[in-house]
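Next come the chains, spelled out residue by residue.
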Amino acid sequence: MNNAVNNGVWSGSWVAERLGVELVGDDTLTDLLGLALRRNPKRAHLLVSHVLGKHVPQSPSVVYGYGFALGRRVRELLGADEAGRAVVLGYAETATGLGHSVADGLGLARYLHSTRRPVPGVPPAGGFEESHSHATSHLLLPEEPALLAGNGPLVLVDDEFSTGNTVLNTIRDLHERYPRRRYVVVALVDMRSPADAGRLDVFAQEIGARVDLVAAASGTVRLPDGVLEKGQELVARHESPARQGQEPHGEVARIARVDLCWPRGLPDGGRHGFTPRHRIRLDNALPAMAARLAEAIPDDARRVLVLGFEELMYAPLRLARELEQVTDSEVRYSTTTRSPVLAVDDPGYAIRSRLVFPAHDDPADGPGERYAYNVAGAGFDTVVAVVDSVADTPELHAPDGLLAQLAAHTPHVLLAVVPSYVPESLYVPERPAMLPEPLRGPAFSSYPAEEVGWLLQDLSEVTLEAPTEEREEAIQSGGAHYAESLPVEYQPSEQYQELFHTALEASAGRLAKGVGAVTELVLAERSPRPVLVSLARAGTPIGVLMRRWAQFRHGLDLPHYAVSIVRGRGIDANALRWLAAHHDPRDVVFVDGWTGKGAITRELADAVKEFEAGGGAAGFDPEIAVLADPGSCVRTYGTREDFLIPSACLNSTVSGLISRTVLRTDLVGPDDFHGAKFYRELAGADVSVAFLDAVTARFPDVVEDVDAQAKELLSGDRAPTWEGWAAVERISEEYGIHDVNLVKPGVGETTRVLLRRVPWKILARAGAGADLDHVRLLAEQRGVPVEEVAELPYTCVGLIHPKYTRGATGADGRAVTV
């Protein structure tokens, strides 16, 4: 009963034979649609979609896949830039999930669906009428009224494009308020008659806008004369309680509640708007929520239905799709509905059974019947009912309510309640949002899960990269912050990769000694059980190595996390909150790879002070522990030599395949971790674990050297002199740069500027040897001159000049102008 064809019988044949209704069009039309009869005085027939997930239970992957594919087609039609500026509008109630899936297919589009539920305190930003519907009035209630005010395309999504009246009413209302140049209409099926087909083009000419149409299939419905009266007669003849459902299965099911741990502040759907940032939060939370559902489903359940609730279609669909991936059960998805439809238990009819129950969300238009179709008699072992918190009422749990009706037809009923989203302007949170658990490999990064937990959110599906020169120009012309985008990941040449491996072979022992020494200082002076917190991403390989040394030398299993710090914007305060909630801040030791002039050292100190002043937990020590401190900026280091650390030679391929961190307001909300991408596609070039293993293999060889080095450091004067900062100030003025942030001292910083930025020139200490082989190669490849300098406190220095380099960024991370 869940397919368009049952034993060779089309699920529209019953209506077609009795009313003379015909579907004419694409070959796939009858695969997508069946027919049923409405209890509606305006229209006799109902086109029943088998891929929408409303009336007919269907695989959630199929349902989501149809919407996502339509979104991809719209993206191809508009182009990536226009698609990123688009707003997608879905129609309540039937197309709320479809519209959301289309928005996902577009990629960066924002989403809103119309609603029939007024929300006190949220003024309508528009509305329209759906003339043929059982419930005609639609409201638009975006949290941000400006959501509809942009000049990007508006993409309108409905399950069925029949007469075009609803779309015309919508465009007419919105175009008067928020005129724009382009609209795209999307539907699963375009069923307009030839007479209706031209109306959209005429209307587009009247308002001076372009209107495109995208549909999965097209055709039309041929209706004989008198079809409305014949349909009403058929409904009256067949509609009786005995004919509307299947007999109960005989025993009352156990009803259990499952706590999804839905992310605090994450919208349950698009009623008030849903952004790409929201989607990323949902994507990150889905595996854990689906795991909770899977755990509650009996082991012997063969068929499971995830049942959404009226306009709440997208969240249950995504949960069902995730559940489909983690369970051996056959998972199906559908939702309850307001729409009254006749049920006939016949293979040639699309609605085989009907459950009737009272409305349970206190609807604005008063109490009434609600329905769940094709659930009774479908052989589901478990039904997971997903409702929002507004609908979790006594009526839901009443003897004639939805849960009781489900319990009469399935052995197990689970209830999952999603918090109804309240726009931020209408409430003040009682406490900070619950933060997610750290991301770990292999789902995020190529490091083993125990090596590091990333206090970040995964932005892997967001396109953030641009060519280096183009990115620099955008930073300058738009005043954008460097952390709002990513450079294209540098793909090393074969020659450069050989240099990396040669450098690693030559320096592995030196690295092992430095790692061991700094770890011993941390254990002796900071905490006997430190919590290592690396500054992503350059600090992360060093943090992993320090953790490995503590395990190798002392049998300690130290916790290790990676957090984001951004120049001009400080450390991720939400990451600090998470750390304070799980560890004693006094045990936290921040770790980085090396110091240059000490800018991040100062940034961290200021950020921790600001965090505490804002009410955050006290006790974090902002002093960084580093492998190398050539700038003399910290007290806790393994060496102050400026030498090649091979992990500085590469980007993500030596850092667990993780990008530099991203902080952009449309992707990272006030209660979110900063973001980063996992470049899974670069796995073939990944040397992250090989780098760690090469250094770790030298640990036994350097034990005595480490002990001697640590003893010497512990007894010596390690007070920072900041001589590196003084040298940078001198170089900045001497070369007419006049901004210390554009002077990148040391081998590590020079390497990074060559990989990520557009440097003006490189200063190299005269006589520097193999430590600069890779710098010279990169400079040659980039066309950057290398100038040898006799008196230089660092092995090399990279220079960015605002006069010659478009987009050079200063202390606040924004463009410097001259």
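Residues numbered from 1 in each chain as written. Predicted model: local features only at pLDDT ≥ 70, side-chain atom pairs only at ≥ 80, totals over all residues. Heavy atoms only, no water.

Check the secondary structure of the chain and you find 23 helices and 34 strands. Looking at the 818 residues of the chain, the share that counts as buried comes to 60%. For the chain, restricting intrachain contacts to residue pairs at least 6 apart in sequence, the fraction spanning at least 24 positions comes to 77%. Total accessible area computed for the chain in this model is approximately 31,200 Å², and 49% of it derives from carbon and sulfur atoms. (Helix = DSSP H or I, 4+ residues; strand = E, 2+ residues; numbered from the N terminus. Buried < 20%, exposed > 50% of the residue type's maximum accessible area, 1.4 Å probe, protein only. Contact = heavy atoms within 4.5 Å. Areas by Shrake-Rupley, 256 points an atom, 1.4 Å probe, with all protein chains shown as cover.)

Relative to each other, helix H3 (residues 60–78) and helix H11 (residues 314–326) sit at 125°, their axes nearing to 8 Å. The orientation of H3 relative to H11 falls into the category oblique. Both H3 and H11 take part in a crossing whose hand is left-handed. Here Pro60, Ser61, Val63 and Tyr64 of H3 lie close against H11, whose contacting residues are Tyr314, Leu317, Arg318, Ala320, Arg321, Glu324 and Gln325. Residue composition of the contact of H3 with H11, by class: six nonpolar, two polar and three charged. (Axes fitted to C-alpha atoms, helices over the stretch in contact; angles between N-to-C directions. Parallel < 35°, antiparallel > 145°, perpendicular 65-115°, else oblique. Left-handed = near helix turned anticlockwise from the far one by under 90°. Nonpolar A, V, L, I, M, F, W, Y, C, P; charged D, E, K, R; others polar.)

Our focus in this paragraph is the packing of H3 against helix H5 (residues 96–106). For the pair H3 and H5, the least separation of the axes is 6 Å and the interaxial angle reads 45°. On the basis of the axis angle, H3 is oblique to H5. In the crossing of H3 with H5, the sense of the turn from one axis to the other is right-handed. On H5, the residues touching Tyr64, Gly67, Phe68, Leu70, Gly71, Arg72, Val74, Arg75 and Leu78 of H3 are Leu98, Ser101, Val102, Asp104, Gly105 and Leu106. Residue classes in the contact of H3 with H5 are distributed as eight nonpolar, four polar and three charged.

Turning to H3, a few remarks are in order. For H3, with 19 residues, the first-to-last C-alpha span of 27 Å sits near the 27 Å given by 1.5 Å per residue. Taken together, the buried positions of H3 are occupied by Pro60, Val63, Tyr64, Gly67, Leu70, Gly71, Val74 and Leu78. The buried residues of H3 occupy an angular sector of 125° when the element is viewed end-on, so they sit on one face. Downstream of H3 by one or two residues, Gly79 has phi in the positive range, about 90°. (Expected span 1.5 Å × (residues − 1). Arc of directions from axis to C-beta.)

Grouped together as the largest cluster of nonpolar side chains are 131 residues, with contacts concentrated most on Leu106 and Tyr349. It is strand E11 (residues 182–190) that provides the largest number of residues to this core, a total of seven residues. (Core = buried A, V, L, I, M, F, W, Y, C linked by side-chain atoms within 4.5 Å.)

Strand order in the open sheet formed by six strands is E3-E12-E11-E10-E6-E7, with mixed pairing between adjacent strands. Looking at strand neighbours, the two that pair on one side only are strand E3 (22–25) and strand E7 (110–113), the edges of this open sheet. On average, each strand axis in the sheet is inclined to that of its neighbour by 25°, with strand direction left out of account. Two elements, E3 and strand E12 (residues 210–222), share four bridges in a ladder whose sense is antiparallel. By the bridge assignment for E12, Glu22 is matched with Arg222. (Pairing = 2+ DSSP bridges.)

Another aspect to go through is the pattern of salt bridges. Tallied over the full model, the rule gives 40 salt bridges. Taking the shortest distance from any N to any O, the salt bridge between Glu525 and Arg635 comes out at 3.9 Å. Within this pair, whereas Glu525 is found in helix H15 (residues 494–526), its partner Arg635 is found in the loop between strand E28 (624–628) and strand E29 (636–639), the two being separated by 110 residues in sequence. You can call Arg635 partly exposed: its relative accessible area is 33%. Linking Glu734 and Arg730 is a salt bridge whose minimum nitrogen-to-oxygen distance equals 3.4 Å. Linking Glu734 with Arg730, this pair stays in helix H21 (residues 723–734), spanning four residues, or about one helical turn. When its relative accessible area of 54% is taken as the criterion, Glu734 is described as exposed. Overall, the relative accessible area of 41% leaves Arg730 in the partly exposed class. Through salt bridges with shared partners, a single network forms among Glu451, Arg547, Arg548, Asp557 and Asp693. (Salt bridge = Lys/Arg side-chain N within 4 Å of Asp/Glu carboxyl O.)

With that settled, the discussion passes to the confidence of the model for the chain. Mean pLDDT over the chain stands at 85; residues scoring 70 or higher make up 89%. Note on residues 470–479: pLDDT is under 50 here. Beyond four places in sequence and across chains, it has 28 contacts. Here residues 806–818 is a poorly scored stretch, pLDDT under 50, and it has 54 contacts once near neighbours within four places are set aside; other chains count. (pLDDT = per-residue confidence, 0-100.)

Position of Leu627 relative to the elements: it lies in strand E28. Separated by 11 residues in the primary sequence, Leu627 and Gly638 place their C-alpha atoms 4.9 Å from one another. Filtering out sequence-adjacent residues up to four positions away, Leu627 remains in contact with Leu511, Gly514, Val515, Ile542, Asp592, Gly593, Tyr637, Gly638, Thr639 and Ile645.

Okay, the environment of Ala648 next. Take Ala648: it is sitting in the loop between E29 and strand E30 (675–676). Of the residues examined, Ala648 reaches a relative accessible area of 3% and is grouped as buried. Counting along the chain gives 55 residues from Ala648 to Gly593, while the straight-line C-alpha distance between them is 8.5 Å.

A word on the environment of Glu143. Here Glu143 is to be found in the loop between strand E9 (137–140) and strand E10 (154–161). Along the primary structure Glu143 and Gly270 are separated by 127 residues, whereas in three dimensions their C-alpha atoms are 9.9 Å apart. At 2.9 Å, the side chain of Glu143 and the side chain of Tyr421 are in polar contact. (Polar contact = N/O pair within 3.5 Å; in protein donor to acceptor, adjacent residues only side chain to side chain.)

Applying the stated criterion across every chain yields a total of 14 aromatic pairs. For the ring pair Tyr561 and Trp578, a centre distance of 5.2 Å and an interplane angle of 70° mean the geometry is edge-to-face. You can see Tyr561 sitting in strand E25 (residues 560–566) and its partner Trp578 sitting in helix H17 (residues 573–582), a full 17 residues away along the chain. Here Tyr561 matches Trp578 in class, with each residue buried. (Phe/Tyr/Trp six-rings, centres within 6.5 Å; stacked < 30°, edge-to-face > 60°.)

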